[in-house]
Amino acid sequence: MHPLATSHRRAPYFLPGLLGLIAFILALPLPAADAPAAEPAAIRIGVTGPFTGASSPMGISMREGIRIAAAEINASGGLLGRPLQLLERDDEASNERGARLIQELIDKDRIVAGLGIVNTGVALASQRHYQLARIPVITSVATGSLITRQFLPPEFPDNYVFRVSANDELQARVIVKEAIDRRGLGRLAIFHDATNYGVQGSEDLIAALKERGIAPVAVERFQLRQVDMSALLAQARAAGAEAVLTYGIGPELAYIANDMARMNWRVPIIGSWTLAMSNFIDSAGPHAEGARMPQTFIQDAENPRQQAFLEAWRQSTGLERIPVPPAAAQGYDSMLLLAAAIRQAGSVEGSRIHAALEDLRAPVHGVIMTYRQPFSRTRHETLTLPSQVPLGEVRNGRVVFAYEAERKRAIGLSPPDGGARP
C-alpha cells in the first residue's frame with residue numbers, strides 16, 4: 001500500500017492532537033513590535049578621589065575630565081558594543097577609606113578597571129587591591145614616585161598599576177633645573193607637609209639636589225591645617241635660603257606665601273605641581289604671583305585637541321576655569337588610554353586589558369600628548385623626561401607658561417625635546 005494511504009488512515013488518531021498544539025502556539029502572546037531590545041551590560045569602571053575637603057579641587061577636576069572622556073566614548077557607541085558606567089566614590093583623601101572603597105568596588109560592584117586616586121598616601125594604601133585582584137588601574141593624579149614601583153618583578157610577575165601624571169622624581173628634576181640652571185640659585189630651603197606625598201616628594205628633591213652636588217640649607221616639615229608658618233620660614237631665612245622649594249597642597253602653600261609676604265621675605269617659591277591648585281592661588285592672592293611649578297597641562301594651551309577639551313569642559317560644567325587643569329587633563333587622558341586597551345583587548349578581562357596597556361598599538365590622541373606606545377612591560381609611566389613637563393607660573397591669578405619656548409612646544413609650533421608630540 002502506498003505510504004500516503006497508510007498515513008491517511010492514521011489521521012483520525014493524531015489530527016486532534018496536532019490541532020491542539022497549533023491552537024496552543026497561536027494562543028501564545030506575541031512580542032510587541034516596538035519592544036526595545038535588552039540593553040547590553042555596562043562596562044563598570046571605578047573612579048575614586050577626594051571630592052570633598054582640601055584636596056577636592058584636584059579630585060573634582062580629575063573626575064570631570066574622566067566624565068567628559070566617558071561621555072564622548074558612549075556617544076560614539078561605547079566599547080565592545082557596551083556603554084561605560086563610572087562608579088564614582090569620594091575617598092576624602094583618607095588612606096583607610098580609599099582602600100575600603102576600592103575593595104568594595106572590586107568585590108561588590110565588579111568593576112573591570114580603575115581610574116583616579118589623587119593622594120599619594122591613598123594610592124600606596126589602596127592600590128594593592130587592584131594588584132591582588134589582577135585588575136588594572138591607571139593612576140590619574142597621584143605623583144609619589146613609589147606608586148608604580150610597589151609591585152615589580154620578581155616578587156610580582158605582573159604590575160597592574162599604570163600612571164599618566166608626572167611622578168615626583170621627575171618633577172624634582174624640573175624644580176631643581178629651574179632653581180639652579182635657570183635662576184642660578186644654590187642656597188635652597190625645602191618646605192614639605194607631613195603626608196606621604198610631602199615626605200616622599202622632599203626626599204626626591206633632596207636626591208635631585210645631591211646629584212648636582214648641593215644640599216638644602218633647611219628642610220622644614222609642617223602639618224596639614226597648620227596655619228602659622230612664620231617660625232619655619234624664619235629658620236630658613238636665617239640659614240640664607242635664596243628660594244623656597246615646596247611639597248604640599250593648596251591651603252598650606254597659601255599660608256607659606258602669605259607669611260613670607262608678612263615677613264617681607266621676597267624669595268622665589270618653586271614647587272611641585274600643586275602650586276597650581278585654585279585654593280592656593282585664591283587664598284594667597286597677590287602673594288601667589290610668580291610661583292612656579294611643573295605642569296602637564298596649562299589651560300592657555302592652544303592646539304586644536306586642547307581647545308576641544310576646554311570647550312567640552314565649559315559645556316559639561318558651565319565653568320570657564322578649571323580648578324586644577326593638569327588633574328582634569330590627566331583624568332581625561334587616563335580614560336582614553338583605558339578605553340584603547342579595552343578596545344584592543346576585545347575583552348574586559350583584567351589580564352587581557354593589562355596586556356593591551358603594555359602594548360598599545362594605535363596612537364591615542366589625548367590632551368597632554370598623543371600617546372604612542374606609552375607603556376611597556378618595564379615602563380608604566382607615560383612621562384619620563386623633564387622636557388615633557390613644562391613649567392607653569394602664577395601670573396595675574398592664573399597659571400600660564402613660564403617660558404615661551406615651552407608654550408610653543410605644547411601647542412605644536414616647535415618639536416619636543418624627546419617624548420611624544422602634543
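Scroll up for the structure.
Cut-offs used in this document
Residues numbered from 1 in each chain as written. Predicted model: local features only at pLDDT ≥ 70, side-chain atom pairs only at ≥ 80, totals over all residues. Heavy atoms only, no water. Phe/Tyr/Trp six-rings, centres within 6.5 Å; stacked < 30°, edge-to-face > 60°. Helix = DSSP H or I, 4+ residues; strand = E, 2+ residues; numbered from the N terminus. Lys NZ or Arg CZ within 6 Å of the ring centre and 35° of its normal. Buried < 20%, exposed > 50% of the residue type's maximum accessible area, 1.4 Å probe, protein only. Contact = heavy atoms within 4.5 Å. Polar contact = N/O pair within 3.5 Å; in protein donor to acceptor, adjacent residues only side chain to side chain. Expected span 1.5 Å × (residues − 1). 1 Å grid on protein atoms, 1.4 Å probe; cavity = no way out; pocket = protein on both sides within 12 Å on 5 of 7 lines; lining within 4 Å. Points joined across faces, edges and corners; volume = space filled by probe spheres on them. Nonpolar A, V, L, I, M, F, W, Y, C, P; charged D, E, K, R; others polar.

Trainee: So what's going on with the packing of aromatic side chains? Residues and values would help.
Mentor: Tallied over the entire structure, the rule returns five aromatic pairs. Geometrically, the ring pair formed by Tyr 197 and Tyr 247 is tilted, given 5.2 Å between the ring centres and 55 degrees between the ring planes. A residue pair is termed long-range when its members are at least 10 positions apart, and Tyr 197 in helix H7 (residues 196-211) and Tyr 247 in strand S8 (residues 243-247) qualify at 50 residues. Clustering of aromatic rings is evident, with ring pairs tying together Phe 297, Phe 309 and Tyr 332. The ring of Tyr 403 has Arg 182 lying over it, and the distance from NZ or CZ to the ring centre is 3.9 Å. Above the face of the Tyr 403 ring, Arg 292 is positioned so that its terminal group lies 5.1 Å from the ring centre.

Trainee: Tell me about the environment of Arg 237, residues and numbers included.
Mentor: Looking at where Arg 237 falls in the secondary structure, it is placed in helix H8 (residues 230-238). Under the relative-accessibility criterion, Arg 237 is labelled partly exposed at 37%. A sequence separation of 49 residues divides Arg 237 from Leu 188, and the C-alpha atoms of the two residues are 10.0 Å apart. The contact partners of Arg 237, leaving out residues within four places of it in the chain, are Met 263, Asn 264 and Trp 265. Among the polar contacts listed, one links the side chain of Arg 237 to the backbone oxygen of Met 263, at a separation of 3.1 Å.

Trainee: Explain helix H9 (residues 250-262) residue by residue, including any values.
Mentor: Owing to its 3.6 residues per turn, the α-helix aligns residues three or four sequence positions apart on the same side. With 13 residues, H9 extends 18 Å from end C-alpha to end C-alpha; this agrees with the ideal 18 Å at 1.5 Å per step. A large share of H9 lies buried, amounting to eleven of its 13 residues. Here H9 has its buried residues at Gly 250, Pro 251, Glu 252, Leu 253, Ala 254, Ile 256, Ala 257, Asn 258, Asp 259, Met 260 and Ala 261. Elements that come into contact with the buried residues of H9 comprise strand S6 (188-193), strand S7 (218-222), H8, S8, strand S9 (269-271) and helix H10 (278-284). Of the residues flanking the end of H9, it is Asn 264, one or two places downstream, whose phi is positive at about 60 degrees.

Trainee: So what about the side chain of Glu 393? Which residues, and what values?
Mentor: Summarising the element assignment, Glu 393 is placed in strand S13 (residues 391-395). In terms of polar contacts, Glu 393 uses its side chain to reach the side chain of Arg 292, at 2.7 Å. Among all residues touching Glu 393, those that are not within four sequence positions of it are Gly 290, Ala 291, Arg 292, Met 293, Arg 398, Val 399, Val 400 and Ala 402.

Trainee: Can you tell me about the layout of surface pockets, naming the residues and giving the values?
Mentor: By volume, the largest pocket is sized at about 450 Å³. In terms of lining, the largest pocket is formed by 26 residues, of which the most central are Ser 55, Ala 93, Asn 119, Thr 195 and Leu 224. Listing elements by their share of the lining of the largest pocket, those giving two or more residues are helix H4 (120-126) and H7. Each residue belonging to the lining of the largest pocket can be placed in one class, and the counts come to ten nonpolar, twelve polar and four charged.

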